[in-house]
Amino acid sequence: MTQARHYLQFTDFDRDDYAYLFARTALIKRKFKNYELHQPLVDRTLAMIFEKHSTRTRLSFEAGMHQLGGAAIYINTRDSQLGRGEPIEDAAQVFSRMVDLVMIRTYGQDIVERFAAHSRVPVINGLTNEFHPCQVLADVFTFIEHRGDIAGRTVAWIGDANNMFYTWLQAAAILGFRVHFAGPPGYGVAMQRDGYPVSAAEAAQLRSFDDPRQACAGVDLVTTDVWTSMGYEAENAARLQAFQGFMVDGALMDAAAPDALFMHCLPAHRGEEVAAEVIDGPRSVVWDEAENRLHVQKALMEFLLLGRLA
Ligand code: CP
Ligand code: NVA
């Protein structure tokens, strides 16, 4: 049995793989816009396992697999045996004998890793508490579409040091851009995060600020995310209070470079982490960002199953 290639963290691919993936995404997107069939995955099946809510991830993987000529099956842990304690290792054995590709959205990163270790087929991380690589793949592609190469640029992350933030940091080390972080005391960057410490290469790309205005000064992209991620709902009231002063508003965007973009992986809370004037304003590319989940993941699925194509 050959070892399947997985996409569990942004670090699973190198700079060269990303160059290929972004070029391939551009081609796949162009064909989609021209109503040209692109079906390299006829008769292939993707299983999508969801233990947390989703709109974009489900939609983009399901539509994407269909467009590639294959089929997608949605499985919710609540009404499958996974929700009744079937070991993840057993599930991996069974899934990977019936389908060609598996996407999982769950809590701990260890769950996707254990699944992948027992899977014959590629496994994709569709968001864990620790990372959200498919989203940052779409975000970087969106930046490149609007502004060209991201190498040498600076991205400001305002708010919670969450799964999205740590994935941006991994991308920064691989693709060669800087990350400015600003968040309230007690919610800063954890360099020794349980099991997933920030690497020396990632730390070298990072600068932390107390003042979000300073973090945004002159940057090429400002991005943020919800203050309470899925799984942390019990902390919502405390977080709402702690993050006051860290909303991305017009004043913060004005501190950034004149052509700076705004991104948010969505869903967003207007009036909390972002002001309506920013997310609905001219510098926001959030709808392109959401759409690009479709295109990058089609390139990703093709790459994992077929490797590099001419
Ligand atoms: N951004 C993102 O992953 O959205 P969903 O939670 O709707 O899938
Ligand atoms: N950080 C958010 C992202 C949602 C797409 C969460 O994990 O809930």
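Placed above this text is the structure.
Residues numbered from 1 in each chain as written. Chains lettered and ligands numbered in written order. Predicted model: local features only at pLDDT ≥ 70, side-chain atom pairs only at ≥ 80, totals over all residues. Heavy atoms only, no water.

Enquirer: Can you help me understand the site of ligand 2 in this one?
Expert: L127, N162, N163, D225, V226, S229, M230 and L266 make up every residue found near ligand 2. One of the side-chain N or O atoms of N163 is found 2.8 Å from an oxygen atom in ligand 2. In this structure, an oxygen atom belonging to ligand 2 sits 2.8 Å away from a main-chain N or O atom of M230. A total of 270 Å² of accessible area belongs to ligand 2 in isolation, and the protein chains cover 93% of it. (Near = heavy atom within 4 Å. Polar contact = N/O pair within 3.5 Å; in protein donor to acceptor, adjacent residues only side chain to side chain. Areas by Shrake-Rupley, 256 points an atom, 1.4 Å probe, with all protein chains shown as cover.)

Enquirer: What is the right way to read the site of ligand 1 from this model?
Expert: Around ligand 1, a shell composed of S54, T55, R56, T57, R105, H132, Q135, C265, L266 and R293 is seen. The separation between a nitrogen atom of ligand 1 and a polar main-chain atom of L266 is 2.9 Å.

Enquirer: Teacher, can you tell me more about the sheet that holds strand β2 (residues 71-76) here?
Expert: Pairing between the strands of a sheet is mediated by backbone hydrogen bonds and can be parallel or antiparallel. Pairing within the open sheet is parallel, and its 4 strands lie in the order β2-β1-β3-β4. Both outer strands of the open sheet, β2 and β4 (123-125), are each paired with one neighbouring strand and no more. If you compare each strand with its neighbour and ignore which way they point, the axes differ by 20 degrees on average. As paired strands, strand β1 (residues 45-50) and β2 are joined by 6 bridges and run parallel to one another. Counterpart to M48 in the pairing with β2 is Y74. (Pairing = 2+ DSSP bridges. Helix = DSSP H or I, 4+ residues; strand = E, 2+ residues; numbered from the N terminus. Axes fitted to C-alpha atoms, helices over the stretch in contact; angles between N-to-C directions.)

Enquirer: I keep staring at the packing of helix α3 (residues 88-98) against helix α4 (residues 109-117) and nothing clicks. Help me out?
Expert: The geometry of a pair of packed helices is captured by two quantities: the angle between their axes and the separation between those axes. With their axes 8 Å apart at the nearest point, α3 and α4 run at an angle of 45 degrees to one another. Judged by the inter-axis angle, α3 sits oblique to α4. As for the relative orientation of α3 and α4, their crossing is right-handed in sense. Only I111, R114 and F115 of α4 make contact with α3, whose side of the interface consists of I88, E89, A91, A92 and F95. Residue classes in the contact of α3 with α4 are distributed as 6 nonpolar, no polar and 2 charged. (Parallel < 35°, antiparallel > 145°, perpendicular 65-115°, else oblique. Left-handed = near helix turned anticlockwise from the far one by under 90°. Contact = heavy atoms within 4.5 Å. Nonpolar A, V, L, I, M, F, W, Y, C, P; charged D, E, K, R; others polar.)

Enquirer: I tried to follow the nonpolar core on my own but got confused; where do I start?
Expert: Counting 58 residues, the largest nonpolar core has Y18, F165 and W168 as its most contacted members. Per-element accounting of this core gives the leading share, 9 residues, to helix α6 (residues 163-175). Here F165 is in contact with W157, D160, V179, F181, V189 and L206, once residues within four sequence places are set aside. With 21 residues, the next largest nonpolar core counts I158, V219, A256 and V286 among its residues. (Core = buried A, V, L, I, M, F, W, Y, C linked by side-chain atoms within 4.5 Å. Buried < 20%, exposed > 50% of the residue type's maximum accessible area, 1.4 Å probe, protein only.)

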